[in-house]
Amino acid sequence: MYAPRPESMKKVGIFPGSFNPVHIAHLALANWLCEYGGLDEIWFLVTPQNPLKEAKDLTDCRLRFGWVAKAIADYPKFRASDFESTLPLPSYTIQTLRALRASFPDCLFHLIVGADNWENMAQWKDSQALLAEFPLRIYPRRGCDPAIPPHLTQVRKVDAPLLEISSSFIREALGQGKDIRFFLPESVRNDILGRMKSFKDK
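All values reported here derive from a predicted model rather than from experimental measurement.

K.L.:
What am I meant to see in the nonpolar core here?
P.N.:
Nonpolar side chains tend to gather and get buried jointly when the protein is soluble and globular. In terms of nonpolar packing, the biggest core is built from 32 residues, with Phe15, Leu33, Ile42, Phe44, Val68 and Phe78 touching the most fellow members. Every element with two or more residues in this core is listed here: helix 1 (24-35), strand 2 (41-46), helix 2 (61-71), strand 3 (78-81), helix 6 (167-175) and helix 7 (186-201). With seven residues, the top contributor of residues to this core is helix 1. Every residue in contact with Leu33, bar those within four places of it in the chain, is listed here: Gly38, Leu39, Ile42, Ile112 and Val158.

K.L.:
When you look at the sheet that holds strand 1 (residues 10-17) in this model, what are you seeing that I'm missing?
P.N.:
Across a sheet, strands are paired by hydrogen bonds formed along the backbone, either parallel or antiparallel in direction. Taken in spatial order, the six strands of this open sheet run 3-2-1-4-5-6, and their pairing is parallel. Here the strands that pair on one side only, and so sit at the sheet edges, are strand 3 and strand 6 (155-157). On average, each strand axis in the sheet is tilted by 25 degrees relative to the strand beside it, whichever way the strands run. One ladder, built from six bridges, connects strand 1 with strand 2; its direction is parallel. Paired with Ile14 across the bridge in strand 2 is Trp43. Of the strands in this sheet, strand 1, strand 2 and strand 4 (107-114) touch helix 3 (residues 93-103), which is tilted by about 155 degrees from strand 4.

K.L.:
Help me out: how do you make sense of the packing of aromatic side chains in this one?
P.N.:
Remark: the centre distance and the inter-plane angle together describe each pair of aromatic rings, the angle taken between the planes. Summed over the entire model, instances satisfying the criterion amount to twelve aromatic pairs. With centroids separated by 5.5 Å and ring planes inclined at 55 degrees, the aromatic side chains of Phe169 and Phe183 adopt a geometry described as tilted. In this pair, Phe169 is assigned in helix 6 and Phe183 in the loop between helix 6 and helix 7, connecting sequence segments 14 residues apart.

Conventions we followed
Residues numbered from 1 in each chain as written. Predicted model: local features only at pLDDT ≥ 70, side-chain atom pairs only at ≥ 80, totals over all residues. Heavy atoms only, no water. Core = buried A, V, L, I, M, F, W, Y, C linked by side-chain atoms within 4.5 Å. Buried < 20%, exposed > 50% of the residue type's maximum accessible area, 1.4 Å probe, protein only. Helix = DSSP H or I, 4+ residues; strand = E, 2+ residues; numbered from the N terminus. Contact = heavy atoms within 4.5 Å. Pairing = 2+ DSSP bridges. Axes fitted to C-alpha atoms, helices over the stretch in contact; angles between N-to-C directions. Phe/Tyr/Trp six-rings, centres within 6.5 Å; stacked < 30°, edge-to-face > 60°.

Listed below in structure tokens is the structure:
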């Protein structure tokens, strides 16, 4: 059973993802969670490799981390984290959260997951232990209406805006030469376009 921790602890939302690349939907959700969702900070946890996903088209982790750092530089409640890169692979959420808790004992970590991931949580490693040890915030995804058992008081749905933008859409649009300047932070878009031009010029 989940045991609440002191209210005085800093409430940090852990937002894991490949961020391949980070885009405005990621940022808007995190912004909402800080300003309306009761979290003090959001840490964008850039994952080296999700064990449940293929590594196809996955950009180098250091480059993805750099994009996140550029995108959030002006907002003090956001942090880019490559913490998972210091841990053994494959990356399992329960192991990462436990390591974070040991490294930052003054923080109460809340895991941020989409409603689709909540529905598949039984596939996660040690999912029952994860639910027993950490609070969760579930954000909406189209076509998903997550059912939360009443006894899981540490699991909350949040009424964040629904923004259906994916990193795969961003990659495809850039590959097609589309001008999607308002889907990406300017610093990230400029970096990606510069790298694409450099690659073409070789």
